[in-house]
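An overview of the molecular structure
So the chains spell out like this:
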Amino acid sequence: MPPSPRKSIKERELFSLTSSLPCCSWLKVVLCSHMRNLWMVLMALTVLCVAIQILGVVWQSRNDKMLSEKLLNVQFTIKIQRTLPTEQRDWVRLRSSHAPVVEEEMRSQEEGALKQRAKGQQKVAEHQHGRDEPGVERRVQEHHQHLKLSYTVSKVKDSRKEARGKVSAVKAALPKGTMGDDELHLGVPGSVVLQLGHPSIKVVSTLPYKPPELLSTNRLKSRKSPAPLGTNSVVAGVINEVKSEVASATCWPKNHIVFLKTHKTASSTILNILYRYGDSRNLTFALPLNKHSQLFYPFFFASHFVEGVRSRSVKEFNIMCNHMRFRPPEVRKVMPQDTFYFSILKNPVAMMESIFIYYKSIPAFHKARSLDDFLDNGWRGYNTSLPNNHYARNILTFDFGFDNNVATETPGDLETRGAKAIGAIEQDFHLILISEYFDESMILLKRALCWSLDDVVSFKLNSRSERTRHMLSPHTADKIRAWNALDWQLYLHFNITFWRRVDATVGREEMRREVTRLQERRAELAKTCLKDGGAVDPSQVNDAGLKPFQYGAAIIQGYNLNPGLVGPTKTHCQNLVTPELQYTDTLYTKQFPELAARQRQAAKLVASQRQPSSVKVNPNKAAMTGPVRVREARHSRTARSGHRNPHAQKQNDLPSSALSKITAARSDRNMP
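An account of the accompanying structure is given in this report. Source: prediction; values computed, not measured.

Along the chain, the regular secondary structure elements total 25 helices and 10 strands. Buried residues in the chain amount to 43% of all 672 residues. Per element, the accessible surface of the chain, about 37,300 Å² overall, is 57% carbon and sulfur.

In structure tokens, the structure reads:
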């Protein structure tokens, strides 16, 4: 409908404009509607959001530029240890590639200046006969000097530009840096690795090498850890100027830890390290239910074996490190997702000799006159269903949660099961240590957990006297490897991955230096803490609370503290030598004081109802009191009592009521 003649000219023009433009019809509706104020507010907010986004991008780019400039200003002091001649020349040439170029150009500039001066003098001589004005010669010389200076400046600029181009080309040819969890791999000759661990940041360079072939898949599935780089250490040094906040930001101490405590592998010493670390920082331990010393080993671990899980009295657990038969799904129910898992292995030959002495009373070893006698004849009557016989064969494989019994006449099945166990362990554990290289293992553990040297220093605990150790012949060692074939497979594989990790993350030279510092620190603590500087037999331990638990035919040594220790020094020294059972009781009482008080009252009531009996006491055990003596009495009944088969799967789902009823029977097997 056309506009009426009474409408103004301005309204007619607006009507014709909006009618001719198809996009303006909705704009007219918006501007003329009663919600026009709301639309204007929305448009203003949109413009404001876009402006804020642009400012954020500009601010981020500015911060990135400032950060890059700070990183470029970090100075490195590198001490050359050992390098190949060709790589050393390449490294020196890389660092000073612009120097020969500039020197060559400067020499060419001097030669050019001399030639130019000679030409200028020749031209002056040619025109000397036509000089009529007194200032002509001076002006000609100034002109030639100006030309010479311009030429020199241009040549210097060109040479510098060319030098920068060469350096840029060399840098572009290098591989780019990659960032790991605790390391920065720089793309420079020698595969430089920037160790970002606290408290010092170190630079280590390694040469590339091809790793040896393994028995099976040899991937080191260490979560969030860099790939191996090589074995030959080339450069080692220390960064001089790095702010403390940078170091602390790159490496944070790990407080969520699971240690699978294996048998007769120096695991009691590592347990003491974890106990001291958590105790000094008030961390929460996943301790066994009802004040046990083990998590109901040899049964497969279940989450309700931990005190505080069923009652939900503990919100979060930090460290789990008592004996258990590993079962990953149940462990993950208790521990946080970012937990660090590690364990330790030992050569099955030496471990078998120790197990035979320590567990001599188990049915498998009871009738054997010697270890050779058991390996030659005793295995024929080996019964897997009898209690505690799992100690006699492939105990490492058993502790990791696999079947430890395998027929020796089926080598194909043996290799398959070994490879399967290795793959599962690599998947579940971040680090596997080796007992024969205990000090090197502690350095790897310190770096992996981002701890200090004092956190991993220790004294040997639960260690036998030399009088109970026996040398094995090569023939006996071969029989042990055949009998414990699965354990031998595990040991061979993880011994290789252990040294590969040393080469990749530390380097042999740096490892030797750190081991030396660890040993020196241990010697200092021994001089401060220990009377006579070392371990003594249990009969010579003066403090009954520091007397180690005795079992089997082994003589487990302990320590006496120096007199006169007071305050924090005495506490620290005492924690260093406190045996496993006593320390576990102390931590349980600290975490669950009410439960511990009720259990002490129940123990006193039971003790008062028992009649004393005359028993011949070993002099090495005479001074044991308290919970250690109670556990010793329980262990004495182990060989005479029958137990259910630890291989049965149905035992994993026992309710808490059933656990409480068989507590005494299972406590007999709480052997460290």
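What follows concerns the packing of aromatic side chains. Enumeration according to the criterion identifies 28 aromatic pairs in this entry. An angle of 15° between the planes, with centres 6.2 Å apart, marks the rings of F549 and Y551 as stacked. Residue class for F549 comes out buried when judged on its relative accessible area of 5%. What makes Y551 buried here is its relative accessible area of 7%. An aromatic cluster of at least three residues, connected via ring pairs, comprises Y297, Y358, Y359, Y391, F398, F549 and Y551. Across from the ring centre of W483, 3.9 Å away, lies the NZ or CZ of R393, which sits over that ring. Across the ring face of W488, the terminal group of R481 is positioned such that the distance to the ring centre comes to 5.0 Å.

The subject of this paragraph is the nonpolar core. M320, F342 and F374 are the most contacted members of the largest nonpolar core, which has 115 residues in total. For M320, the residues in contact, after removing those within four places along its chain, are I257, V258, F259, A286, L295, F301, V306, V331, V334 and M335.

Attention now goes to the side chain of S458. Mapped onto the elements, S458 comes out in the loop between helix 16 (453–456) and helix 17 (474–483). Of the residues examined, S458 reaches a relative accessible area of 3% and is grouped as buried. Setting aside residues no more than four positions away along its own chain, S458 makes contact with T269, I273, R276, F438, R522 and L576.

Moving on, we get to the packing of helix 10 (residues 348–358) against helix 17. Working note: a packed helix pair is described by the angle between its axes plus the distance between those axes. Contact geometry of helix 10 with helix 17 gives a least axis separation of 9 Å together with a crossing angle of 95°. Accordingly, the angle class assigned to the pair helix 10 and helix 17 is roughly perpendicular. Across the interface between the two elements, P348, V349 and M352 from helix 10 touch A477, I480, R481 and W483 from helix 17. The residue makeup of the contact of helix 10 with helix 17, split by class, is six nonpolar, no polar and one charged.

A cluster of nonpolar side chains, contributed by M35, L38, W39, V41, L42, L45, L48 and I52, occupies part of the molecular surface with about 750 Å² of accessible area. Structurally, M35 can be placed in the loop between helix 2 (24–32) and helix 3 (36–72).

On to the sheet that holds strand 7 (residues 257–260). Read from one edge of the open sheet, four strands run 8-7-9-10, paired in parallel fashion. In this open sheet, the two edge strands, each paired with only one partner strand, are strand 8 (319–320) and strand 10 (431–434). Relative to strand 10, strand 9 (residues 340–345) runs parallel, the two sharing four bridges. Of the residues in strand 10, the one forming a bridge with I344 is L433. Where helix 8 (residues 267–280) meets the sheet, its contacts fall on strand 7, strand 8, strand 9 and strand 10, and the angle it forms with strand 7 comes to roughly 160°.

In this section: the state of the cysteines. Following the criterion strictly, the structure yields two disulfides and no others. Residue pairing for C251: its cysteine sulfur links by disulfide to C450, the two sulfurs lying 1.8 Å apart. Note that C251 is positioned in the loop between helix 7 (244–250) and strand 7 and C450 in the loop between helix 15 (438–449) and helix 16, a separation of 199 residues in sequence. Both residues of the pair, C251 and C450, belong to the buried class. Note on cysteine connectivity: C529 is disulfide-linked to C573, with sulfurs 1.9 Å apart. Taking the sign of the S-S torsion, -60° for the link of C529 and C573, the bridge is left-handed. Linking C529 in helix 19 (residues 508–529) with C573 in helix 20 (residues 567–577), this pair joins segments that are 44 residues apart in sequence. Each member of the pair, C529 as well as C573, is classed as buried.

Rolled over the atoms, a probe with the dimensions of a water molecule shows which regions are left empty. For the coordinates displayed, the defined rule picks out five cavities of 30 Å³ or more. Considered as a void within the structure, the largest cavity measures approximately 140 Å³ in volume. Around the largest cavity, the lining is made up of 15 residues, and of these L461, N462, P548, P579 and E580 lie nearest the centre.

Residue P298 follows Y297 across a cis peptide bond; omega there is 15°. With respect to the secondary-structure elements, P298 resides in the loop between helix 8 and strand 8. Unusually for a residue other than glycine, N462 sits at a positive phi of about 60°. For N462, a relative accessible area of 21% corresponds to the partly exposed category.

The next subject is the packing of helix 15 against helix 18 (residues 485–505). Orientation of helix 15 relative to helix 18, taken along the N-to-C sense of each, is 55°, at an axis distance of 11 Å. Here helix 18 runs oblique to helix 15, going by the angle between their axes. Seen from above, helix 15 lies across helix 18 with left-handed handedness. Seen from helix 15, the contacting residues are E440, S441, L444, R447 and A448; seen from helix 18, they are F498, W499, R501, V502 and T505. Residues belonging to the contact of helix 15 with helix 18 are distributed by class as follows: five nonpolar, two polar and three charged.

To continue, consider the pairing of strand 9. Counting buried positions along strand 9 gives six out of six residues, so the element sits mostly inside the fold. In strand 9, alternate side chains face the same way, and those of F340, F342 and I344 on one face and Y341, S343 and L345 on the other are all buried. Pairing between strand 7 and strand 9: four bridges, direction parallel. Within the sheet, the bridge partner assigned to F259 lies in strand 9 and is F342.

Analysis parameters
Here the residue numbers are simple positions, counted from 1 along each chain's written sequence. A pLDDT threshold of at least 70 governs which residues receive local features in this predicted model, and a stricter bar of 80 or more applies before side-chain atom pairs are shown or counted, although totals over entire chains, interfaces and linings include all residues. Remark: hydrogens and water are excluded; side-chain values derive from all non-hydrogen atoms of the structure. Strands here mean DSSP runs of E at least two residues long; helices mean DSSP runs of H or I at least four residues long; both are numbered from the N terminus. Only protein chains enter the accessibility calculation, which uses a 1.4 Å probe. A residue is then buried if its area is under 20% of the maximum for its type, exposed if over 50%, and partly exposed in between. Surface exposure here means Shrake-Rupley accessible area, sampled with a 1.4 Å probe, where a residue is shielded only by the protein chains that are shown. In summary, the pairing rule links any two rings of Phe, Tyr or Trp, Trp by its six-membered ring, whose centres are within 6.5 Å, and it sorts them by plane angle into stacked for under 30 degrees, edge-to-face for over 60 and tilted for everything else. A ring is scored as having a charge over it whenever the NZ atom of a lysine or the CZ atom of an arginine sits within 6 Å of its centre and within 35 degrees of its normal. Only buried residues count toward a nonpolar core. Its members are Ala, Val, Leu, Ile, Met, Phe, Trp, Tyr and Cys residues joined through side-chain atoms within 4.5 Å. Any two residues whose heavy atoms approach within 4.5 Å are treated as being in contact. Fitted lines through C-alpha atoms give the axes, limited to the stretch in contact for helices. The angle between two N-to-C directions lies from 0 to 180 degrees. For classification, angles of less than 35 degrees are called roughly parallel, those exceeding 145 degrees roughly antiparallel, those between 65 and 115 degrees roughly perpendicular, and all remaining angles oblique. Each residue is assigned to one class: nonpolar for Ala, Val, Leu, Ile, Met, Phe, Trp, Tyr, Cys and Pro, charged for Asp, Glu, Lys and Arg, and polar for all the others, Gly among them. For patch building, the residue pool is restricted to those with more than 30% relative accessible area and no salt bridge; the joining distance is 9 Å between like charges and 5 Å between nonpolar side chains (Val, Leu, Ile, Met, Phe, Trp, Tyr). Any carboxyl oxygen of Asp or Glu within 4 Å of a side-chain nitrogen of Lys or Arg constitutes a salt bridge here. One bridge is not enough; two strands pair if DSSP finds at least two bridges between them. In what follows, a disulfide is any cysteine sulfur pair within 2.5 Å. Two kinds of site are reported from a 1 Å grid over the protein atoms alone, namely cavities, where a 1.4 Å probe fits but cannot get out, and pockets, open sets with protein on both sides within 12 Å along at least five of seven lines, and residues are called lining when an atom falls within 4 Å of a point. Grid points are joined across faces, edges and corners, and a volume is the space filled by probe spheres set on the points. Put simply, a crossing is left-handed when the front helix is turned counterclockwise from the back one by less than a right angle, and right-handed when it is turned clockwise.

Purely spatial values, then, with no claim about function.
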